[in-house]
Amino acid sequence: MTEDPLFIKVEELGFFIDLAGEKFIGAEKDGLKIAVEIKSFIGASDLTSFYGALGQFLSYRSALRKKQPERVLYLVISQDIYSDFFSNQFIQELIAEYQLKLVIFEIMKEEIVLWKE
């Protein structure tokens, strides 16, 4: 982790993305600069939480493209939400359409179980 939170300013708008850091890929040890937005999906409904998360993700990704284009944005969600909600066919289609990158996190074990490009 290199920044907590990552602050990006585009014109007069300020964006606070949860974390920034580097993901090391395989044996190459080339660092990939990333930013992650962590979502808990504890709102009134998972669909409402998804609407907010999607809008926030797309706004943050656009801001990053302007100010830190080398950084890749990931949406972090729990394995339970991924299994229960993100497995829905329509949600999967939206993930593909908007090219969301996901990190799936196991809360109880406190570990990443999947990087989904």
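So, how was this worked out
- Residues numbered from 1 in each chain as written.
- Predicted model: local features only at pLDDT ≥ 70, side-chain atom pairs only at ≥ 80, totals over all residues.
- Heavy atoms only, no water.
- Pairing = 2+ DSSP bridges.
- Helix = DSSP H or I, 4+ residues; strand = E, 2+ residues; numbered from the N terminus.
- Buried < 20%, exposed > 50% of the residue type's maximum accessible area, 1.4 Å probe, protein only.
- Arc of directions from axis to C-beta.
- Contact = heavy atoms within 4.5 Å.
- Polar contact = N/O pair within 3.5 Å; in protein donor to acceptor, adjacent residues only side chain to side chain.
- Core = buried A, V, L, I, M, F, W, Y, C linked by side-chain atoms within 4.5 Å.
- Phe/Tyr/Trp six-rings, centres within 6.5 Å; stacked < 30°, edge-to-face > 60°.
- pLDDT = per-residue confidence, 0-100.

Quick look at the pairing of strand β7 (residues 111-116) now. The pairing of strand β6 (residues 102-106) with β7 spans 5 bridges and is classified as antiparallel. The partner of Phe105 across the bridge, within β7, is Ile112. The loop that links β6 with its antiparallel partner β7 comprises 4 residues; one of these, Glu110, has a positive phi angle of about 55°.

Count 3.6 residues to each turn of an α-helix, and residues three or four apart come out pointing the same way. Every buried residue of helix α3 (residues 89-97) is listed here: Ile91, Leu94 and Ile95. For α3, the arc enclosing every buried residue in end-on projection is 100°, short of the 170-degree limit, so these residues lie on one face. Residues of α3 that are exposed and point over 90 degrees away from its buried face: Gln89, Phe90, Ala96 and Glu97. For α3, the secondary structure elements touched by its buried residues are α1 (46-67) and β6. For α3, the side-chain oxygen to backbone nitrogen distance between the N-cap and Phe90 is 2.8 Å, and the N-cap itself is Asn88. Just downstream of α3 lies Gln99, where phi reads positive at about 55°.

This part takes up the nonpolar core. Buried together is how nonpolar side chains tend to be arranged in soluble globular proteins. In this structure, Ile8, Ile17, Phe41, Phe50, Phe86 and Leu102 are the most contacted members of the largest nonpolar core, which totals 27 residues. For this core, the secondary structure elements donating two or more residues are β1 (6-10), β2 (13-17), α1, β5 (72-78), α2 (79-84), α3 and β6. The leading source of residues in this core is α1, at 7 residues. Ignoring sequence-local partners within four residues, the contact set of Leu102 consists of Tyr74, Leu75, Tyr82, Phe86, Ile95, Leu114, Trp115 and Lys116. Listed in part, the 5 residues of the second largest apolar core include Ile34, Val36, Val76 and Val103.

Moving on to the side chain of Ser49. Locating Ser49 in the fold gives a position in helix α1. The buried category is assigned to Ser49, whose relative accessible area is 17%. Look past the residues within four positions of Ser49 in its chain and what remains in contact with it is Phe41, Ile42 and Gly43.

The next point concerns the packing of aromatic side chains. In the structure shown here, the tally under the stated rule is 8 aromatic pairs. Taking the centre distance of 4.8 Å and the plane angle of 45° together, the rings of Phe7 and Phe16 count as tilted. Taken together, Phe41, Phe50, Phe85 and Phe86 form an aromatic cluster joined through their ring pairs.

Most of β6 is tucked away: 4 of the 5 residues are buried. In this sheet, β6 lies alongside β5 in parallel orientation, the contact comprising 4 bridges. In the strand pairing of β6, Ser78 is matched with Phe105.

For the chain, per-residue confidence averages 87 on the pLDDT scale, and 88% of positions sit at 70 or higher. Within the chain, α3 carries the highest mean pLDDT (97), whereas strand β3 (residues 19-25) carries the lowest (58). Across residues 24-29 the pLDDT falls below 50, and counting only partners more than four positions away or on other chains, this stretch makes 5 contacts in the model.

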